[in-house]
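Structural description and commentary
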Amino acid sequence: IRAIRPGTSGTMWLGGLISSKRDITVKNGKFQGKKMAHLTLEDTSGSCKLVCFPDAFQKYQGNLEIDKIVLIRGSTNRKKKDEDEVSDELEIIIEDVMPIEEAIQKLPHTIILRIVNKTPVVVEKLFQMCCNYRGGCRTLLEVHVNGHYAQIEVAEKYNLHPSIKLFEEVENLLGGDTIRCLA
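A short note on the sheet that holds strand β8 (residues 148–153)
If you walk across this open sheet you meet the four strands as β8-β7-β6-β9, and the pairing is mixed. Each having just a single partner strand, β8 and β9 (179–182) make up the two edges of the open sheet. Each strand of the sheet is rotated relative to its neighbour by a mean of 20°, with strand direction disregarded. As judged from the seven bridges shared by strand β6 (residues 110–116) and strand β7 (residues 134–145), these two strands associate in the parallel manner. By the bridge assignment for β7, Leu 113 is matched with Leu 141.

Topic: the nonpolar core
Grouped together as the largest cluster of nonpolar side chains are 21 residues, with contacts concentrated most on Leu 14, Leu 39, Leu 41, Leu 50, Leu 64 and Ile 94. When residues in this core are grouped by element, the largest group, four residues, is from strand β5 (residues 86–99). In this structure Ile 94 touches Leu 39, Leu 50, Val 51, Cys 52, Ala 56, Leu 64, Ile 72, Arg 73 and Gly 74, once residues within four positions along its chain are discounted. Counting 16 residues, the second-largest nonpolar core is a separate cluster that includes Leu 113, Cys 137, Val 170 and Leu 174.

Some remarks on helix α3 (residues 120–130)
All buried positions along α3 are accounted for by Val 122, Leu 126, Met 129 and Cys 130. Along the axis of α3, the buried residues cluster in a sector spanning 95°; they form a single face. Exposed residues pointing more than 90 degrees away from the buried face of α3 are listed as Pro 120 and Val 121. Here the buried face of α3 lies against β6, β7 and α4 (164–174).

Each value, and the rule that gives it
- Residues numbered from 1 in each chain as written.
- Predicted model: local features only at pLDDT ≥ 70, side-chain atom pairs only at ≥ 80, totals over all residues.
- Heavy atoms only, no water.
- Pairing = 2+ DSSP bridges.
- Helix = DSSP H or I, 4+ residues; strand = E, 2+ residues; numbered from the N terminus.
- Axes fitted to C-alpha atoms, helices over the stretch in contact; angles between N-to-C directions.
- Core = buried A, V, L, I, M, F, W, Y, C linked by side-chain atoms within 4.5 Å.
- Buried < 20%, exposed > 50% of the residue type's maximum accessible area, 1.4 Å probe, protein only.
- Contact = heavy atoms within 4.5 Å.
- Arc of directions from axis to C-beta.

Read these as geometric descriptors, not functional statements.
And the structure:
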């Protein structure tokens, strides 16, 4: 979220925790009587405001709960101070919402496992663990030893199927910040 700068525009993907939500009933216009919501999305770098208009709210309201971790696709919107002046405050207009569990399984096309100064025994444990999660997601090993590293693509038959359980097991074995997913 920190990467969203003043002047940022267009469609983007954001992931984080929904930390606040305020449901609103539209009072007039073509959506009169329908629900929409104002939300706050947080990650470790900051927070941003989200707006979910009635069509998206109806479709995604089950995924828009406080303390839920989600991936949001949305477009930027600058709030207006008044008729002629736009504020620096940025809102994201929600277009798509995916629970993180679903996003992890659907979106990645490549998984990179970072192995830093690990013993052959740990690498063997990693291999055995990963055999339980075979799938169609291209998998790379980024091996770091004594200040040097190499990136190795595993054979297709050892490609992984992304899941939260896999990621938890890998981080328990290798430590934090050891998995990257490219979508």
